[in-house]
Amino acid sequence: MDGYSGVVGGDSTKHQERHYYLLSELQTLVKDLPSSFQQRLSYNTLSDLALALIDGTVFEIVHGLLDIQHLTEKNLYNQRQKLHCEHQALKQDLVRKHKDALQSCKSHNLALLKSNQQAELEALESRVRVEQRMMDKKIVAEMDQKVMDQQNTLEKAGVPGFYITTNPQELTMQMNLLELILKLQQKESQC
């Protein structure tokens, strides 16, 4: 791959050979995709993708985007785990507080105390559900934004098939294109 850096402006024979090599590899890799997606990847699309991959820049961009995505996922997971641990601590504190109150409670106040404790527990559980739902919505929104950022970056890099969309079929197509790029990059790094 490094031997082809800057080939675009240089030797056109090497450029053409590199293009044909990448196109041939892409055509082979496409055969592993579901037939519905194979049909959508025309010769021209694969040829354009091969052209975009010639100098290796797109491979580097995809690798960088993947690193950013993994860091984002790890960060969001850690945030959610932290919230979960905070909720567990709140529940344990409440159970401990309730246990202490029950031990020091006079028998004639027991029914009222248990009723109040049940209401307190339900309020905490409701708060936990609301906070978890808010966190999950935040995570989904952040990941959706990350996908749009990736689409925008790849579109600006001239990778065919990439543009900002939320259409599930188009997203699946873009994921298949990324899979092709990653498999080709892996194959090239093994050579």
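Residues numbered from 1 in each chain as written. Predicted model: local features only at pLDDT ≥ 70, side-chain atom pairs only at ≥ 80, totals over all residues. Heavy atoms only, no water.

(A) The domain arrangement of the protein chain, seen in detail. Along its sequence, the protein chain is carved into domain 1 (15–55 + 160–190) and domain 2 (76–158). Using C-alpha coordinates to define each centre, domain 1 is positioned 43 Å away from domain 2. Listed as interface residues are 9 residues of domain 1 and, on the opposing side, 7 residues of domain 2. Roughly 670 Å² of surface becomes buried between domain 1 and domain 2 when both sides are summed, with 67% attributable to carbon and sulfur atoms. Counting across the interface, domain 1 meets domain 2 through 0 salt bridges. Across the domain 1-domain 2 interface, the total number found is 2 residue pairs in polar contact (both at pLDDT 80 or more). The dominant element in the side of domain 1 that touches domain 2, judged by the number of residues it contributes, is helix H6 (residues 168–190), at 3 residues. Classifying every residue of the side of domain 1 that touches domain 2 by side-chain character gives 7 nonpolar, 2 polar and no charged. (Domains from an automatic or database assignment. Contact = heavy atoms within 4.5 Å. Buried area = accessible area lost by both parts, 1.4 Å probe. Salt bridge = Lys/Arg side-chain N within 4 Å of Asp/Glu carboxyl O. Polar contact = N/O pair within 3.5 Å; in protein donor to acceptor, adjacent residues only side chain to side chain. Helix = DSSP H or I, 4+ residues; strand = E, 2+ residues; numbered from the N terminus. Nonpolar A, V, L, I, M, F, W, Y, C, P; charged D, E, K, R; others polar.)

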